[in-house]
Amino acid sequence: MIEPLNDEDRIDALDRLDEWDYDDARDAITRRFVFDDFSAAFGFMTRVALLAEKMDHHPEWSNVWNRVDVLLTTHDAGGLSSRDVAMADAIEALLG
Ligand SMILES: C[C@H](O)[C@H](O)[C@H]1CNC2=NC(N)=NC(=O)C2=N1
């Protein structure tokens, strides 16, 4: 059973993940990624999709041409959990 982050851990995570915004209505983190063109954006989505399958943790996301808006929250926990933090870190690592 995955639990949501407690307040202290949430604050620490948000502090560290300073490229992400906090959506308090969803208890989620969001970030907009902008690429040179659609092909680059979709390539990013493809890599994140493979990561999501490997982690069994999937983003809520949308794509408009060169933009990818990503929202991370844990449905099974009803909010932000360590899995979202791990995925944010893994996405960061993808970007190099
Ligand atoms: C059955 C499967 O393991 C679960 O549904 C996983 C899949 N991916 C998931 N992704 C996210 N964001 N939250 C979840 O709770 C979740 N649960």
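Here the structure is a predicted model, which is why all the values come from computation and not from measurement.

Rules used throughout
- Residues numbered from 1 in each chain as written.
- Predicted model: local features only at pLDDT ≥ 70, side-chain atom pairs only at ≥ 80, totals over all residues.
- Heavy atoms only, no water.
- Near = heavy atom within 4 Å.
- Polar contact = N/O pair within 3.5 Å; in protein donor to acceptor, adjacent residues only side chain to side chain.
- Areas by Shrake-Rupley, 256 points an atom, 1.4 Å probe, with all protein chains shown as cover.
- Nonpolar A, V, L, I, M, F, W, Y, C, P; charged D, E, K, R; others polar.
- Pairing = 2+ DSSP bridges.
- Helix = DSSP H or I, 4+ residues; strand = E, 2+ residues; numbered from the N terminus.
- Axes fitted to C-alpha atoms, helices over the stretch in contact; angles between N-to-C directions.
- Contact = heavy atoms within 4.5 Å.
- Core = buried A, V, L, I, M, F, W, Y, C linked by side-chain atoms within 4.5 Å.
- Buried < 20%, exposed > 50% of the residue type's maximum accessible area, 1.4 Å probe, protein only.
- Phe/Tyr/Trp six-rings, centres within 6.5 Å; stacked < 30°, edge-to-face > 60°.

Points about the site of the ligand
- Around the ligand sit Asp56, His57, His58, Thr73, Thr74, His75 and Asp76, and those are all the residues in its vicinity.
- Aspartate 56 places a polar side-chain atom, nitrogen or oxygen, 2.4 Å from an oxygen atom of the ligand.
- Between the ligand and histidine 75, the relevant distance is 3.1 Å, taken from a nitrogen atom to a main-chain nitrogen or oxygen of the residue.
- Surface burial for the ligand is 66%, taken as the share of its 400 Å² of free accessible area covered by protein chains.
- Of the residues assigned to the shell around the ligand, the class counts are no nonpolar, 5 polar and 2 charged.

Digging into the sheet that holds strand 1 (residues 21-23)
- Spatial ordering of the open sheet is given by 1-2-4-3, a layout of 4 strands whose pairing is antiparallel. Where the open sheet ends on each side, the last strands, each with one partner, are strand 1 and strand 3 (60-64). Between one strand axis and the next, the sheet turns through 25 degrees on average, direction left out of account.
- Relative to strand 4 (residues 67-72), strand 3 runs antiparallel, the two being bridged by 5 bridges. Within the sheet, the bridge partner assigned to asparagine 63 lies in strand 4 and is valine 68.
- Contacts between helix 3 (residues 82-95) and the sheet are confined to strand 2 (28-34) and strand 4, with strand 2 contributing the most and set at about 15 degrees to the helix.

Considering the nonpolar core
- Residues Trp20, Ile29, Phe33, Phe44, Val68, Leu72 and Ile91 are the most contacted members of the largest nonpolar core, which totals 22 residues.
- Counting residues per element, the ones that place at least two in this core are strand 2, helix 2 (38-55), strand 4 and helix 3.
- No other element matches the 6 residues that helix 2 contributes to this core.

A closer look at the packing of aromatic side chains
- Tallying each qualifying case throughout the model produces 4 aromatic pairs.
- Summarising the aromatic geometry, the rings of phenylalanine 33 and phenylalanine 44 are spaced 4.8 Å apart at their centres and angled 40 degrees between planes, so their arrangement reads as tilted. Of the two residues, phenylalanine 33 is situated in strand 2 and phenylalanine 44 in helix 2; the sequence distance between them amounts to 11 residues.
- Using a relative accessible area of 5% as the deciding quantity, one classes phenylalanine 33 as buried.
- On the accessibility criterion, phenylalanine 44 (4% relative accessible area) is buried.
- Through pairs of rings, three or more aromatic residues link up here, namely Trp20, Phe33, Phe35 and Phe44.

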